[in-house]
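# A look at the structure
Chain residues, written in single-letter form:
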Amino acid sequence: MPANKKLLVLPGDGIGPEVMREVRRIIDWMDRRRSVSFEIEEGLVGGAALDAEGTPCSDATLARARAADAVLFGSVGGPKWDSLPFDKRPELGILRLRKELGLFANLRPAVVLDPLVEASSLKPDLVRGLDLMIVRESTGGIYFGEPRGVETMPNGKRRGIDTEVYTEDEIARVARVGFDLARKRRGKLTSVEKANVMQSGRLWRAVVGEIGKAEFPDVELEHMYADNCAMQLCSRPKQFDVILGSNLFGDLLSDLAAALTGSLGMLPSATLGAIGADGRRHALYEPVHGSAPDIAGKGIANPCAQMLSFAMLLRWSFGMEEDAALVETAVQSVLAGGLRTADIMQAGMARVGTGVMGEAVVRELDKLAA
Ligand code: IPM
Ligand code: MG
């Protein structure tokens with residue numbers, strides 16, 4: 001029996017808890033069938049934590065996240081907390097975890113599964129076989145830059161300020177993650193910025209170019225303006241392998257890429273820190289979809305993104321490639337079998353809820369492992 005793997009599970013708000021329940025089924029299954037045991041702690045984050053603990057991510061939760069081998073995160077936010085002051089928002093829960101654990105590289109794959117080709121917002125020919133990865137910087141840039149705030153000017157009018165700021169070290173370390181991934185995939189990295197109008201963009205382009213030349217001469221590097229990238233993603237998405245961008249551009253482009261795959265409900269992500277001297281690396285896994293308050297509690301949310309985030313956790317934090325692939329294949333087979341949650345519903349398919357989808361994936365795991 002392998003050593004225990006310590007997970008901190010933070011379901012959060014909205015559909016977070018209901019999709020997380022389906023992952024627990026997979027964890028139980030692995031316990032039973034693969035003799036892999038996880039030591040699981042559960043905690044509060046986001047609005048749920050605000051209500052119970054007065055803060056979106058308490059020091060205690062942060063300490064447990066630090067001590068865990070990996071964090072499995074649901075989603076945060078909802079209308080209930082929308083009118084709170086800015087420094088009390090549920091979203092600060094995830095931002096604090098990313099920042100304090102040093103999770104600077106957010107990996108967001110956008111893969112069009114064959115059974116879902118028709119669910120894409122684009123014509124099937126444009127997206128069939130699409131498999132790209134967005135690497136988004138996630139502890140810097142305009143999300144954290146100072147100065148920031150809303151202030152009143154001498155004329156009595158207010159002004160809002162955010163600051164996009166990147167040091168060359170911040171750019172270099174996330175660039176290396178992007179190049180490294182590209183090297184293991186199809187060998188192409190597209191780095192996006194707005195070097196035509198932003199100083200931080202100019203530096204971004206220069207540093208990525210230097211790293212490429214010095215350390216990854218075998219990877220094809222292309223620089224692209226972020227707005228052009230948005231357009232290219234909609235017109236010719238298959239030209240991309242790995243896309244590298246800042247916190248803000250990566251946020252925007254990953255939502256866009258998600259639409260290409262049919263639904264935000266399908267997309268997982270991993271957010272990784274640096275590998276420490278002891279070989280350990282902090283990591284957090286979360287679906288790209290948010291808390292989807294409009295459908296929360298109805299039992300209709302798509303659990304696939306959360307389950308696929310768990311697959312990424314197996315692969316990236318524990319090197320369990322075989323088990324990760326098993327979960328991915330099970331999800332794909334269930335879709336191929338015609339089951340659909342509402343967000344990916346198509347004519348002729350069977351519409352099911354969150355629980356039925358989760359059960360079906362576990363049944364499929366049974367079949368695959370038989
Ligand atoms: C994401 C989300 C978050 C972000 C929010 C919830 C703070 O949109 O993970 O993409 O902007 O990073
Ligand atoms: Mg986002």
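Residues numbered from 1 in each chain as written. Chains lettered and ligands numbered in written order. Predicted model: local features only at pLDDT ≥ 70, side-chain atom pairs only at ≥ 80, totals over all residues. Heavy atoms only, no water.

## What to know about the overall build of the chain
The condition that has to hold: Secondary structure elements follow DSSP: runs of H or I of four or more residues count as helices, runs of E of two or more count as strands, with numbering from the N terminus. For the radius of gyration, the atom set is restricted to C-alpha positions; the globular benchmark scales as 2.2 Å times the number of residues to the power 0.38. Three labels apply to residues, based on accessible area from a 1.4 Å probe with only protein chains included: buried if under 20% of the type maximum, exposed if over 50%, partly exposed otherwise in between. Pairs of residues are marked as contacts when any of their non-hydrogen atoms sit within 4.5 Å. Counting rule applied: Lys, Arg positive; Asp, Glu negative; His and chain ends not counted. Charged side chains are reduced to one point each, which is NZ for Lys, CZ for Arg, CG for Asp and CD for Glu.
Across its full length, the chain holds 12 helices and 14 strands. Whereas a compact globule of 370 residues would reach a radius of gyration of roughly 21 Å, the chain reaches 20 Å, a difference of no more than 12%. Its C-alpha atoms give the chain principal-axis dimensions of about 65 × 50 × 45 Å. A buried classification covers 52% of the 370 residues belonging to the chain. Counting contacts in the chain only where the partners sit at least 6 residues apart, residues at least 24 apart contribute 75% of the total. If the 45 positive side-chain charges of the chain are averaged to one point and the 50 negative ones to another, these points end up 2 Å apart.

## Section: the side chain of Gln346
Note the threshold: Counting of polar contacts relies on pairs of N or O atoms within 3.5 Å, with two restrictions inside protein: one atom must be capable of donating a hydrogen and the other of accepting it, and residues adjacent in sequence are counted only when both atoms are side-chain atoms.
Mapping Gln346 onto the fold places it in the loop between β13 (339-340) and β14 (350-351). Of note is the side chain of Gln346, whose polar atom sits 2.9 Å from the side chain of Arg340. Ignoring any residue separated from it by four or fewer positions in sequence, one finds Gln346 in contact with Pro115, Leu116, Glu118, Ala119 and Arg340.

## Observations regarding the site of ligand 1
The criterion, for reference: A cutoff of 4 Å decides nearness: a residue is near a molecule or strand if any of its heavy atoms lies inside that distance of it. Where accessible areas are quoted, they stem from the Shrake-Rupley method and a 1.4 Å probe; at the residue level, only the protein chains shown are allowed to cover. Points on a 1 Å grid over protein atoms alone make up a cavity when a 1.4 Å probe fits among them but cannot get out, and a pocket when they form an open set with protein on both sides within 12 Å along at least five of seven lines; lining residues each have an atom within 4 Å of a point. Should more than half of a molecule's atoms lie within 2 Å of a pocket's or cavity's grid points, that molecule is taken to sit in it. Residues are grouped as follows: Ala, Val, Leu, Ile, Met, Phe, Trp, Tyr, Cys and Pro are nonpolar; Asp, Glu, Lys and Arg are charged; every other residue, Gly included, is polar.
Taken together, the residues surrounding ligand 1 are Glu91, Arg98, Arg108, Arg136, Tyr143 and Asp251. Arg136 places a polar side-chain atom, nitrogen or oxygen, 2.8 Å from an oxygen atom of ligand 1. At 2.8 Å from an oxygen atom of ligand 1 is found a side-chain nitrogen or oxygen belonging to Asp251. Considering ligand 1 on its own, with 320 Å² of exposed area, one finds that the protein chains cover 75% of that surface. Here ligand 1 occupies the largest pocket. Taken together, the residues of the shell around ligand 1 sort by class into 1 nonpolar, no polar and 5 charged.

## What to know about the nonpolar core
One broad rule of soluble globular proteins: the nonpolar side chains tend to lie buried together. Formally: We call a set of buried Ala, Val, Leu, Ile, Met, Phe, Trp, Tyr and Cys residues a nonpolar core when their side-chain atoms join them within 4.5 Å. Note that the domain bounds reflect an automated or database-derived domain assignment.
Residues Leu107 and Phe310 are the most contacted members of the largest nonpolar core, which totals 68 residues. Of the residues forming this core, the biggest block, 9 residues, is contributed by helix α10 (residues 304-318). Built from parts of two domains, this core gets at least three residues from each of domain 1 (1-107 + 262-370) and domain 2 (121-258). When residues no more than four places from it in sequence are discounted, the contact partners of Leu107 are Met133, Ile134, Val135, Val177, Leu181, Pro268, Ser269, Ala270, Leu272, Met312 and Trp316. In this structure, Ala110, Leu122, Leu233 and Phe249 belong to the second largest nonpolar core, which totals 22 residues.

## Brief notes about the domain arrangement of the chain
This is how it is decided: By buried area we mean how much accessible surface two parts lose on assembly, using a 1.4 Å probe and totalling the loss over both. The salt bridge criterion pairs a side-chain nitrogen of Lys or Arg with a carboxyl oxygen of Asp or Glu, the two atoms within 4 Å.
On domain assignment, one finds that the chain holds domain 1 (1-107 + 262-370) and domain 2 (121-258). Placing a centre on the C-alpha atoms of domain 1 and another on those of domain 2 gives a separation of 24 Å. Listed by partner, the interface residues are 17 residues for domain 1 and 16 residues for domain 2. Surface buried jointly by domain 1 and domain 2 totals about 1500 Å² across both partners, of which 64% is contributed by carbon and sulfur atoms. Summed over the three residues of domain 1 that lose the most area to domain 2, namely Lys99, Phe104 and Asn106, the buried surface amounts to 40% of that side. For the pair domain 1 and domain 2, the number of links is 0 salt bridges. At the junction of domain 1 with domain 2, the criterion picks out 5 residue pairs in polar contact (both at pLDDT 80 or more). Broken down by secondary-structure element, the contributors of at least two residues to the side of domain 1 that touches domain 2 are α4 (92-100) and β4 (105-111). Its residues placed into classes, the side of domain 1 that touches domain 2 shows 10 nonpolar, 5 polar and 2 charged.

## Comments concerning the pattern of salt bridges
Across all of its chains, the model carries 31 salt bridges by this definition. Of the charged contacts, one joins Glu151 and Arg159 as a salt bridge, the two residues approaching to 2.9 Å between their closest N and O atoms. Looking at Glu151, the relative accessible area reads 35%, which means it is partly exposed. One salt bridge connects Asp180 with Lys184, and the closest N-O pair in it is separated by 3.0 Å. A residue pair is termed a helical-turn pair when its members lie 3 or 4 positions apart in one helix, as Asp180 and Lys184 do in helix α6 (residues 168-184) at 4 residues. Classification of Asp180 as partly exposed rests on a relative accessible area of 31%. What you see here is one network of salt bridges that share partners, running through Asp59, Arg66, Arg96 and Glu100.

## A closer look at helix α11 (residues 321-336)
Every α-helix winds through 3.6 residues per turn, so residues three or four apart in the chain are directed the same way. Spelled out, the test is: The length a helix should cover is 1.5 Å for every residue beyond the first.
Between its first and last C-alpha, α11 extends 22 Å over 16 residues, near the 22 Å set by a 1.5 Å rise per residue. For α11, the elements touching its buried residues are α1 (16-33), α10, β13 and α12 (354-369). Once α11 ends, the next one or two residues include Gly338, with phi positive near 105 degrees.

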